[in-house]
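# Per-entry structural report
Residues per chain are reported as follows:
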Amino acid sequence: MAVVNHAGYMREALAEAKKAYGLGEVPVGAVVVRDGEIIGRGHNLRETLKDSTAHAEILAMREAARIVGDWRLNGTVLYSTIEPCAMCAGAIIQFRVATLVYGAADPKAGAAGSVIDVIGQPRFNHRVEVVSGVLEEECREIIQKFFRELREREET
């Protein structure tokens, strides 16, 4: 079995998060990988698109589905800088992603075990392997920096 470079792909997801940061969006980024190739990229665009479903993970999986020509993303790995929310966790299952790799846990909205475990729900017909804590500090820092700066702007 080949060794997977989780950190390298997470750096790609962080590059997406930085794009969101530059737009004033909550800096979350995601990439979808199949057979060692990135086939989908996304970063939060909720404010830009005025669309509450425009989360990084959803956008990356939609792009990957377009690339492969199928809604089933069998054999893929989704890298997200933060633990997915309930909506994204459900979509990960629906898209049939094989593995979720995320950076920082989300103690307020995480649905891969922090607040609720949608991903690990045994009643669903699809199982997703989960790897957490990849480049955790960098992934957490960009989110914390964003919200710290947001609070500082609101105080002035």
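A quick note: this is a predicted structure, and the numbers were derived from the prediction, not measured.

Cut-offs applied
Residues numbered from 1 in each chain as written. Predicted model: local features only at pLDDT ≥ 70, side-chain atom pairs only at ≥ 80, totals over all residues. Heavy atoms only, no water. Helix = DSSP H or I, 4+ residues; strand = E, 2+ residues; numbered from the N terminus. Rg over C-alpha atoms; globule rule 2.2 N^0.38 Å. Axes fitted to C-alpha atoms, helices over the stretch in contact; angles between N-to-C directions. Parallel < 35°, antiparallel > 145°, perpendicular 65-115°, else oblique. Left-handed = near helix turned anticlockwise from the far one by under 90°. Contact = heavy atoms within 4.5 Å. Nonpolar A, V, L, I, M, F, W, Y, C, P; charged D, E, K, R; others polar. UniProt positions renumbered as here; feature names shortened; annotations may be inferred. Core = buried A, V, L, I, M, F, W, Y, C linked by side-chain atoms within 4.5 Å. Buried < 20%, exposed > 50% of the residue type's maximum accessible area, 1.4 Å probe, protein only. Pairing = 2+ DSSP bridges.

### Overview of the overall build of the protein
A tally of regular secondary structure across the protein gives five helices and five strands. When the helices and strands of the protein are placed in sequence order, the string is α-β-β-α-α-β-α-β-β-α. In terms of overall dimensions, the protein is globule-like: its C-alpha atoms have a radius of gyration of 15 Å, near the 15 Å expected for 156 residues. For the C-alpha atoms alone, the extent of the protein along its principal axes is close to 50 × 30 × 30 Å.

### A closer look at the packing of helix 3 (residues 56-68) against helix 4 (residues 86-94)
Two elements in contact, helix 3 and helix 4, have axes separated by 9 Å at closest approach and are oriented at 20 degrees. Considered as vectors, helix 3 and helix 4 are oriented roughly parallel to each other. The two elements helix 3 and helix 4 meet at a crossing, and its hand is left-handed. Of the residues in helix 4, those in contact with Glu57, Ile58 and Met61 of helix 3 are Met87, Cys88, Ala91 and Ile92.

### Some details on the packing of helix 1 (residues 6-22) against helix 5 (residues 136-155)
Between helix 1 and helix 5, whose axes approach to 10 Å, the crossing angle comes to 10 degrees. Classed by the angle they form, the pair helix 1 and helix 5 counts as roughly parallel. Here Met10, Leu14, Ala17, Lys18 and Tyr21 of helix 1 lie close against helix 5, whose contacting residues are Glu138, Cys139, Ile142, Lys145, Phe146 and Glu149. Here the contact of helix 1 with helix 5 is composed, by residue class, of seven nonpolar, no polar and four charged.

### Considering the UniProt feature "active site" (unreviewed entry) in the protein
Mapped onto the present numbering, the UniProt feature "active site" (unreviewed entry) falls at Glu57. Considering the arrangement of structural elements, one finds Glu57 in helix 3. Glu57 has contacts with Val28, Ala30, Leu78, Ser80, Ile82, Pro84 and Cys88, leaving out every residue within four places of it along the chain.

### Observations concerning the nonpolar core
In this structure, Met10, Met61, Leu78, Tyr79, Ile92 and Leu100 are the most contacted members of the largest nonpolar core, which totals 44 residues. Ranked by the residues each element gives to this core, the list is headed by helix 3, at six residues. The residues touching Leu78, leaving out its near neighbours within four places in the chain, are Ala30, Val31, Val32, Glu57, Met61, Ile92, Val97, Thr99, Leu100 and Val101.

### Remarks on the sheet that holds strand 3 (residues 77-82)
If you walk across this open sheet you meet the five strands as 2-1-3-4-5, and the pairing is mixed. Only two strands of the sheet have a single neighbouring strand rather than two, namely strand 2 (37-43) and strand 5 (129-132). Here the average twist between neighbouring strands, direction ignored, is 20 degrees. Examined bridge by bridge, strand 4 (residues 99-104) and strand 5 share four bridges and lie parallel to one another. When the bridges of strand 5 are listed, Thr99 appears paired with Glu129.

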